[in-house]
Amino acid sequence: MKKVIASVLSVAMVAAIAAGCNDTKPTATETQPGTEPVETSDGETTAETEPTETEKETMTLGTGSEHINLWSFTNEVPNMVNKYISLHPEFGEKYTVDVTIIATTNGAYQPALDAALAAGGQDAPDLYTAEAAFVLKYTQGSASQFAATYKELGIDVDAKIKEAAIAPYTIDIGSRNGEVVGLGYQATGGAMIYRASIAQEVFGTDDPAKIEEIFGSGSQSWDKFWEAADKLKAAGYPIVSGDGDIWHSVENSASSGWVVDGQLNIAPEREAFLDMSKKLHDEGLSNLSSDWQPAWFADMNGTSEHNAFCFFGPAWLLNYSMHDNVGGNFADGEGTNGDWRVCAPPVGFYWGGTYLIANKDTDNKEGVKEFIEWVTLDSSDTGLQYFWANGTMVDGEVGTKDCVSSGTVMAKSNGEVEICGGQNIFPAFIKGNEYASGKCMTEYDEKINSYWRDAVNMYSNGECDRDAAIAQFTQNVNDNLSF
Amino acid sequence: MSSVSKSSIERSDKVLRVVIYIVSIFFSILTLFPFFLMFINATRSSAEIQRYAVSFISEHPIQNLQKNWAVFNGKDFHPATGFLNSFIISTGATILNVYFSSLTAYAISAYEWKFRDTFNAIIMAIMMIPGTVTMIGFYQAVYKLGLTNKLSMLILPAIAAPMTVFFMRQYLQATLSMEIVQSARIDGAGEFRIFNQIVVPLMKPAIATQAIFGYVASWNQLFTPLILLTNKKKATLPMMVDLLNGDIYRTEFGSIYLGLSITVLPLIIVYAFLSRYIVEGVALGGVKS
Amino acid sequence: MRNKKLVNYAKYGYLFSIPFIVAFCIFTLYPVIYTFVIGFTDLKGLANTDWSILPFKDPKTGEAWYIFKNFKEVLTSQTFAKAFRNTWIIWIMNFIPQITFGLLFTAWFTDRRSKVKGQGLFKILFYMPNIITAATIAMLFNVMFQFPKGPINDLMGGIAKLFGHQREPYQYLLKEWPVKSIIAFIQFFQWYGHTMVNLIAGVIGISPEIFEAAEIDGANRVQTFFRITIPCIRQILLFVLVTALIGGLNMFDVPQQFINTQANNAGLTTNMYIRNQAFSGSYLYNRAAAASVVLFLVIVFFSMILFFIMRDKDEARLKKLRKQELKAAKKGF
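The present account deals with the structure reproduced in this document.

This part is about the packing of aromatic side chains. Scanning the model with the defined rule gives 98 aromatic pairs over all chains in all. Between Phe20 of chain C and Phe24 of chain C, the aromatic rings sit 6.4 Å apart at their centres with planes inclined by 15 degrees, giving stacked as the arrangement. Here the residue Phe20 of chain C and the residue Phe24 of chain C both occupy positions in helix α2 (residues 10-38), the gap between them amounting to 4 residues, near one helical turn. In this pair, the class of Phe20 of chain C matches that of Phe24 of chain C, namely buried. Between the NZ or CZ atom of Arg270 of chain A and the centre of the ring of Trp258 of chain A, over which it lies, the distance is 4.8 Å.

This is the structure in structure tokens:
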């Protein structure tokens, strides 16, 4: 027995010593930027696993001597770096992009990014991404002092925005005192995504133009929506899956933000969400589901007892979330693939989106500028957005088509998708982008929204009365955010 | 008379036995449930899981497994690198943790020194400091000193593990007899040698349990490495699995479960190895050696 | 030989404690002091370098004790009060079954007479839930209790159907008590095995001779367990109680992943409150630090009570005696 322990201990000691060695290696390379840490690590992986081609590609983002630190919460942007290097090999020869990816779900991305930005120095991010839910903090709020304006980077922003016809709401979100500091590549303006077969049965047509009329698209009013909801209910269909489906419309159409002059402010449009949610609940107009939960997905693939008529969401909802969940082809009676249509929503909104921000202290302004410009403002056929919109990120494969922020690119791209029975989805989403507003946001929205949604949920489910819901919400916000 | 009571004792023995088995088997099933779910879901596609989280068998297990595996490769998932980093951190931290905790506990239990009680009280107090308290200051310090991306920052703090010291001390107080130490001294053994060759073997059951706990805790920690290790070559296995979480809009559930399964396997192996000290049930105190 | 006896062993006490002390000062003491100080400052907001210790008097109203402003805010906050109450309720709901089953299994599996077959396997299995991260298990439970189509609702609906009833799906995650109970159950599920392993380690350390003697004296199982085993593992039991208390009052991962602040904070714990203050929204580091200090004091207070109840009365008496002897000896000189 003693021998076993002794041998384990000695193995462990060796491991510990190895740990020590591992620790010193990168320090050496840090001080000598000329050496290549990438190579050593590649060597390690080849020794232990058999890396596939793709694996190698993602490991080596350039081989140059100048380092750009990229922080992100998904691999989307790192993959774009890959694409850029494959198109412009000289970029890869000049720079090495060191990627840090931290998922947002555990709430670790922001604290880590904040700490790294505040610490500054060699390891500080040169280029970082932010999600729509918290981007305001980095473009206008408490962490905006780290951001470089696109002008400072040397981008001719105004002309480029005009040329690419960038969605206006993304500019609102990405501007600090009128100067652009962050822009996205996606446009996440929302549309109404509805079931053609149900529309045909209840309204006698599935033509998007007619449905838009029935729902009062672009009217910024919910009246026609409720009329339609009653009709659908009479035919046995809930109009939406849950109250979360209309929340983003309500949120973005508010006349004022959550915080006005340092005080919590409940805009009347958002307060009305209490009653809307209650109505959906009490009158049986929804399936009472919550977003991202089984009942919600069941409405996507048509396996609910009473299938919901529509979802509200941007192109990514359709092309990623719904695409994976529609099951088989509707025509074969196996799912809902091909039975969806897209039209402009009654009340405009946007939902999600990734923004690119540069650190004002970056020591590689040139490289950062080049890449940011290619991703966010290049509207040519070799710009990122053209590939993104047409699903051609990987050569020879038709990938996911997504809406991009450049109207110019959208206009020349093909948005026909199978899930919508071959309908070109882009026109509806372009309208959605125009209706969307980015003006009534604050950097605390992510947090405050979650408190509000909870209070509304409690009220609509009869757990508390209306005043108690508002009191609960106010209390939570004040105690946690100190207004 | 006596035969009657004896048979009633036997009968109650049998009843007890049945109760023990029923309860134990019930808890075993409960225990295995999350593992079962994890391994099964590793062979299901994200869409299948989203639609129905608890299920027995996937429609296309092998295909899905391959797909989930492919997602790893697309997402910079390097099990070997992650495993190595996790292994270095956990093994290093665990060894430091149990060894130095035993040493400290021995110093408190075996020697009379002036500040002993004060020191012991301080250790108790440290133990009660909520983790959140140290967190804020620790991150700031590490960032200020530029010590990010050093695995040692996750290993060295294990030297001062008050919980383990407390356990070891409690254990020593119950089991250590100073006579053994005295007789070793008479044989001319140095203090350090006495600790290593007599006291440490004596503490095997305690060391084994604390080593398991330490290993599991260290292996599973996510938040601290996420903030301290920004270089992906230093990423640990849980960090890599966390990557798959991505953003809320596009979560790869199938791959997450596969990743979790891969993460948990080494732990089960370490546990199986160390648990013999708990399971064997032999007294390892000074009496039997 | 004589020389050896005169060796001053006390220095080894210091010597062997050095590594702990050094590591402690670097990795714990500095951060802790840092945090404690912040509790008395106006440090909030991200990357704020312009902060200072609060003045003793409120600069505006001249009110005294302004320096304790953060503490006052925490202690008067209804959300903190709720979090504090929740933490205790959930902890008690989880701890009672946890220690009960921990002790029960320990009694069963260390009993020398009824050697339970397969007990080795059971011992191994029961600790297993502790291996998976708390966040993962909490996530699994959250999915299971979803409304209206979660597995539990489906299952209950199916059972009801078997008996010819129609059961409406239940909103588990919006009701205060179901939320608290499920969190308590997850905590219990993850930690009863841990408790058992600790206790068993304590029992294994007991000399078998004591048990043999008890057997010869005709003690039955229950007597052996309560009169021999429990007193012998009192030290370990104290460890289990104290660590369970500390762990329980620091509860974070499970409620965070399971429910977060939903259901009107039904599952909000003090530690979640602290992190919410520090790492989200307004970055109220000062208030978070003050709340941490409060939490720390609460833990110390209740741990002290435990230490007092569980103290070794004989040892204390011995110590007293020895001190008196020492004093007497000194006087004698």
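So, on to the interface of chain C and chain A. Between chain C and chain A, the contact holds 30 residues from the first and 34 residues from the second. On the surface where chain C and chain A come into contact, there are 1 salt bridge. One salt bridge in this structure joins Glu463 of chain A and Lys175 of chain C, with 2.7 Å as the shortest N-O distance. Counting across the interface, chain C meets chain A through 14 residue pairs in polar contact (both at pLDDT 80 or more). Secondary-structure elements contributing two or more residues to the side of chain C that touches chain A are α4 (78-110), α13 (262-265) and α14 (270-279) of chain C. Considered class by class, the residues forming the side of chain C that touches chain A number 10 nonpolar, 16 polar and 4 charged.

Moving on: the interface of chain C and chain B. Facing 92 residues of chain C, the contacting portion of chain B comprises 97 residues. Where chain C abuts chain B, roughly 8600 Å² becomes buried across the two surfaces, and 78% of that area is made up of carbon and sulfur atoms. On the chain C side of the interface with chain B, the three residues burying the most area are Phe16, Phe20 and Phe27 of chain C, jointly 10% of the side's total. For the interface between chain C and chain B, the tally reads 0 salt bridges. Looking at the side of chain C that touches chain B, the element that brings in the most residues is α2 of chain C, giving 20 residues. In terms of residue class, the side of chain C that touches chain B is made up of 61 nonpolar, 20 polar and 11 charged.

So, how was this worked out
- Residues numbered from 1 in each chain as written.
- Chains lettered and ligands numbered in written order.
- Predicted model: local features only at pLDDT ≥ 70, side-chain atom pairs only at ≥ 80, totals over all residues.
- Heavy atoms only, no water.
- Phe/Tyr/Trp six-rings, centres within 6.5 Å; stacked < 30°, edge-to-face > 60°.
- Helix = DSSP H or I, 4+ residues; strand = E, 2+ residues; numbered from the N terminus.
- Buried < 20%, exposed > 50% of the residue type's maximum accessible area, 1.4 Å probe, protein only.
- Lys NZ or Arg CZ within 6 Å of the ring centre and 35° of its normal.
- Contact = heavy atoms within 4.5 Å.
- Salt bridge = Lys/Arg side-chain N within 4 Å of Asp/Glu carboxyl O.
- Polar contact = N/O pair within 3.5 Å; in protein donor to acceptor, adjacent residues only side chain to side chain.
- Nonpolar A, V, L, I, M, F, W, Y, C, P; charged D, E, K, R; others polar.
- Buried area = accessible area lost by both parts, 1.4 Å probe.

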